[in-house]
Amino acid sequence: MKKLKQQITNAVSASLTSLSYPEKEFSLAPPKNPEFGDLSTNISLLLTQNLKMPPLEIAQSIAKELNKELPHHISEISVTLPGFINFKVDKSFYQSKVKTILDEDDSFGKSGLGAGKTANVEFVSANPTGPLTVGHGRNAVLGDTVSSILEWHGFDVTREYYFNDAGRQMRILGQSVEARYFEILGKEFEFPDDGYKGTYIKDIAQTILDDLGVDLSAGDSSFKEKAEISIFEDIKKSLLNLGVHFDQFTNEKTFYENGEIDKLLSELRDKDLIYDKDGATWFRTTALGKDQDRVYIKSTGEPTYRVPDTAYHRDKINRGFDLIIDIFGADHADAYPDVLLALESLGLKTDQIRVLLYQFVTLLRGGEKIKMSTREANFVTMDELVNEVGIDVVRYFFIMRSMNTHLDFDLELATDQSDKNPVFYLQYAHARICNIIKHGQESGLELGDDFDSGLLSHPEEINLIQHMVRFPEIMELAFENLEPQIIANTLQELATRFHKFYGQCHVITEDRVLSNARLALITSVKVIMGNGLKILGLTAPERM
RNA sequence: ACCCUCGUAGUUCAAUGGAUAGAACAAGUGCCUCCUAAGCAUUAGAUGCAGGUUCGAUUCCUGCCGAGGGUACCA
């Protein structure tokens, strides 16, 4: 399809030249209404200003020129109001594509854009202060799917989880566990004001009691350490439950221990980008075009998150990745530009870094907003959700929405409607195909190498193939935009066209030659649907 | 107050600056002697408000209204 479009583009350009019209970038895309043809260009609408002519007239002159020698696979050129030039692609072009898809199989639509390249995707990166919640779910599913998209295009991807077990949050976590420990023992305890109130804290305290006995004293480091280990195990388990695995966990502590943070600070100081004021150390962001300076080291001596974050990103750059992706929640929108600024001021190139911001999920229960807070223990865990509605429903729910939409997640609706989740629509198409193939086998029909694709001329058959040939371009688009949702949309459309085909055309019939051709067709649909579902981390069931 | 993101059908969401704004759920109506009715067909229903750019705006720009996030020596 890409080649065909290139040919048409060239042909249009050539006719512009012979008509002495100016060169201009123009679009060539399938029109919304298929009656107009398979591809349309807006070139004449764009030229109307330069030429001071009505667009329709321009279109007609170009079409006349193109008609002198029709581009390959083009059977008809028409002009419609207000001045689109439409191309009708020959059926045989589409018919021949079934074989292409079957031949390329798992590779159909792979661009190779990332061949020989490496990518790092950092996501989730939640500190181990509590269970993985629905809030983290969007991050996890997005990051995992973006990683899969990169892998599809040939990248060698490292899925990475960055965490910090040394900061304030973790200190309070330890204090919370300690308080519960003494509470269980009936001793005096003081629960921190901003402590973690979840019941999992009590569970951890109980475990510590069981394992280490009753003699721990206040301030024992076991409280925090045990809590961290236990919670991290839970998080990892929840991630696996969601179908997400990580290749690497990186601890913020590393950059204190290996001296990278000191190095970073002294380099910035040498460039006069750091100064001391009010007992704190400041990063001179105003010198780099921002409207206020930022604290780098608090008066307590503790660096703010920006410092290790910058060291961490320098580390990722030094590891030589061709592409570095961060999946952040909207609350980071203001923070990451400072990290990039610091890196750039150190002379590092940051073009390969792409930050994907996703908007928060608003949790609702029966229309009522739930304010999520790990500390206040107002959260719904991913495990609860996955156990209730299943991994495919959860993943698809997050994938089918654009990451910059503020989405509402009503728990009641989610569970009530989980059996109506559109993910089943895709999976059902896949299962239906598998069933037809099985049915064919039972009646002695097996897809061979030679089938007559010329028999695939029913409108629904052509309609189906017309959509399939766009798959490679759509996968490229998903890569450029790093939006999994694009894939969800295209599979949705593929399933629709398949179901319509199914309603109109019987595959296994008395007519063996036709059956064979249709078997080839649906197998090619299965290839694309299967690949698409796999990229999205969804199962492709053989029966439902 | 300022910055970022968003505002589309009753609800949850789609729509490379293009032609008649698409789905799903909810509401109404049809279709299983036929490869799975988790499907198909069909009715009704929407671009927050006001301007601007453009041949053409849901999309780009300005203002207003509304939601979420940020403007922390929290991450």
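Here, the structure is the one placed above.
Keep in mind it's a predicted model, so treat the numbers as computed, not measured.

**Student:** Summarise the overall build of chain A; cite the residues concerned and give the values.
**Tutor:** When helices and strands are counted, chain A shows 20 helices and 15 strands. For chain A, the spread of C-alpha atoms along the principal axes amounts to about 90 × 60 × 45 Å. A buried classification covers 52% of the 544 residues belonging to chain A. The contacts in chain A between residues at least 6 apart in sequence include a share of 74% that link residues at least 24 apart. When the accessible surface of chain A is split by element, carbon and sulfur atoms take 47% of a total near 25200 Å².

**Student:** For the protein's contact with RNA strand B, give the residues involved together with the corresponding values.
**Tutor:** The immediate surroundings of RNA strand B are formed by 60 residues, with R401, D408, Y428, R432 and N435 found nearest. In RNA strand B, atoms within 4 Å of the protein come 61% from sugar and phosphate. A distance of 3.1 Å separates a phosphate oxygen of RNA strand B from a polar side-chain atom of K420. Between RNA strand B and the protein, one listed contact pairs a base nitrogen with a backbone N or O atom of C505 at 2.6 Å.

**Student:** A description of unusual backbone geometry should follow, citing residues and the corresponding values.
**Tutor:** Residue P82 is bonded to the preceding L81 through a cis peptide linkage, with omega at 0°. Relative to the helices and strands, P82 is located in the loop between β3 (74-80) and β4 (84-89). At H73, a position not held by glycine, the phi torsion is positive, near 70°. Mapping H73 onto the fold places it in the loop between α3 (55-68) and β3. The class for H73 is partly exposed, based on a relative accessible area of 37%. The phi dihedral of L482 is positive, around 50°, even though this residue is not glycine. Its place among the elements puts L482 in the loop between α18 (471-481) and α19 (485-504). Relative accessible area serves as the criterion here: at 1%, L482 is assigned to the buried category.

**Student:** Help me get a handle on the sheet that holds strand β8 (residues 274-277), residues and values and all.
**Tutor:** Spatially, β8-β9-β10 is the arrangement adopted by the three strands of the open sheet, whose pairing is antiparallel. With one partner strand each, in any of the chains shown, β8 and β10 (294-297) form the two edges of the open sheet. Each strand of the sheet is rotated relative to its neighbour by a mean of 45°, with strand direction disregarded. Bridge count between β8 and strand β9 (residues 280-283): four bridges; the pairing is antiparallel. Across the sheet, the residue bridging to I274 is F283, located in β9. Strands in contact with helix α10 (residues 260-270) are β8, β9 and β10; relative to β8, the strand with the most contacts, it is inclined by about 90°.

**Student:** Hey, could you go over the packing of aromatic side chains for me, with residue numbers and the actual values?
**Tutor:** Describing an aromatic ring pair means giving the distance of the ring centres and the angle of the ring planes. One pass over the structure, following the stated rule, counts 24 aromatic pairs. Ring geometry for Y181 and F182: centres 5.2 Å apart, planes at 80°, overall edge-to-face. Accessibility expressed as a relative area gives 0% for Y181, which makes it buried. Ring centres of F498 and F501 lie 6.0 Å apart, and the angle between their planes is 40°; this geometry places the pair in the tilted category. Placement of the pair is F498 and F501 together in helix α19, with a separation of three residues, close to one helical turn. Take F498: its relative accessible area is 0%, and that puts it in the buried class. Taken together through their ring pairs, the aromatic side chains of F123, Y161, F163, F232, F246 and F249 make up a single cluster. When the ring centre of Y502 is taken as reference, the NZ or CZ atom of R432 above it lies at 3.7 Å.

**Student:** I'd like to hear about the sheet that holds strand β1 (residues 28-29), residue by residue, with values.
**Tutor:** Strand order across the open sheet formed by four strands is β1-β2-β4-β3, with antiparallel pairing between neighbours. Of all strands in the sheet, those with a lone pairing partner are β1 and β3, marking the two edges. Where strand β2 (residues 39-41) and β4 come together, three bridges link them in antiparallel fashion. What sits directly across from T41, in β4, is I85. Against the sheet, α3 makes contact with β3 and β4, and its axis sits at roughly 165° relative to β3, the strand it touches most.

**Student:** If you had to explain the state of the cysteines to someone new, which residues and values would you point to?
**Tutor:** Applying the stated criterion to the full structure yields zero disulfides. The closest cysteine sulfur to the non-disulfide-bonded C434 is located on C505, 19 Å from its own sulfur. For C434, a relative accessible area of 8% puts it in the buried group. A residue is classified by how much of its surface remains accessible, and C505, at 3% relative accessible area, is buried.

Conventions we followed
- The numbering scheme is per chain: residues are counted from 1 as the chain's sequence reads.
- Whichever chain is written first becomes A and whichever ligand is written first becomes 1, with later ones labelled in order.
- This being a predicted model, a pLDDT of at least 70 is required before a residue's local features are given, and a value of 80 or more before pairs of side-chain atoms are given or counted; all residues contribute to the totals for chains, interfaces and linings.
- Derived side-chain values reflect all non-hydrogen atoms in the structure, with water molecules and hydrogen atoms excluded from consideration.
- Secondary structure elements follow DSSP: runs of H or I no shorter than four residues count as helices, runs of E no shorter than two count as strands, and numbering proceeds from the N terminus.
- Throughout, exposure labels follow a simple rule: accessible area from a 1.4 Å probe, protein chains only, divided by the maximum for the residue type, with under 20% read as buried, over 50% as exposed, and the rest as partly exposed.
- Only heavy atoms matter for contacts: two residues are in contact if any of them lie within 4.5 Å across the pair.
- With residues, only the protein chains shown are counted as cover, and all accessible areas are computed by Shrake-Rupley using a 1.4 Å probe.
- To be near a molecule or strand, a residue needs just one of its heavy atoms within 4 Å of it.
- The definition of a polar contact used here is a pair of N or O atoms within 3.5 Å, where within protein one atom must be able to donate a hydrogen and the other to accept one, and adjacent residues in sequence count solely through side-chain atom pairs.
- Strands are labelled as partners when DSSP assigns at least two bridges between them.
- In this analysis an axis means a line fitted to C-alpha atoms, helices contributing only their contacting stretch, and an angle means the value between N-to-C directions, from 0 to 180 degrees.
- Here is the rule: rings of Phe, Tyr and Trp (six-membered ring for Trp) pair when centre to centre is within 6.5 Å. Planes less than 30 degrees apart are stacked, more than 60 are edge-to-face, and the remainder are tilted.
- Throughout this description, the term charge over a ring refers to an Arg CZ or Lys NZ atom that lies within 6 Å of the ring centre and within 35 degrees of the ring normal.
- Cysteine sulfur atoms are paired as a disulfide whenever they fall within 2.5 Å.

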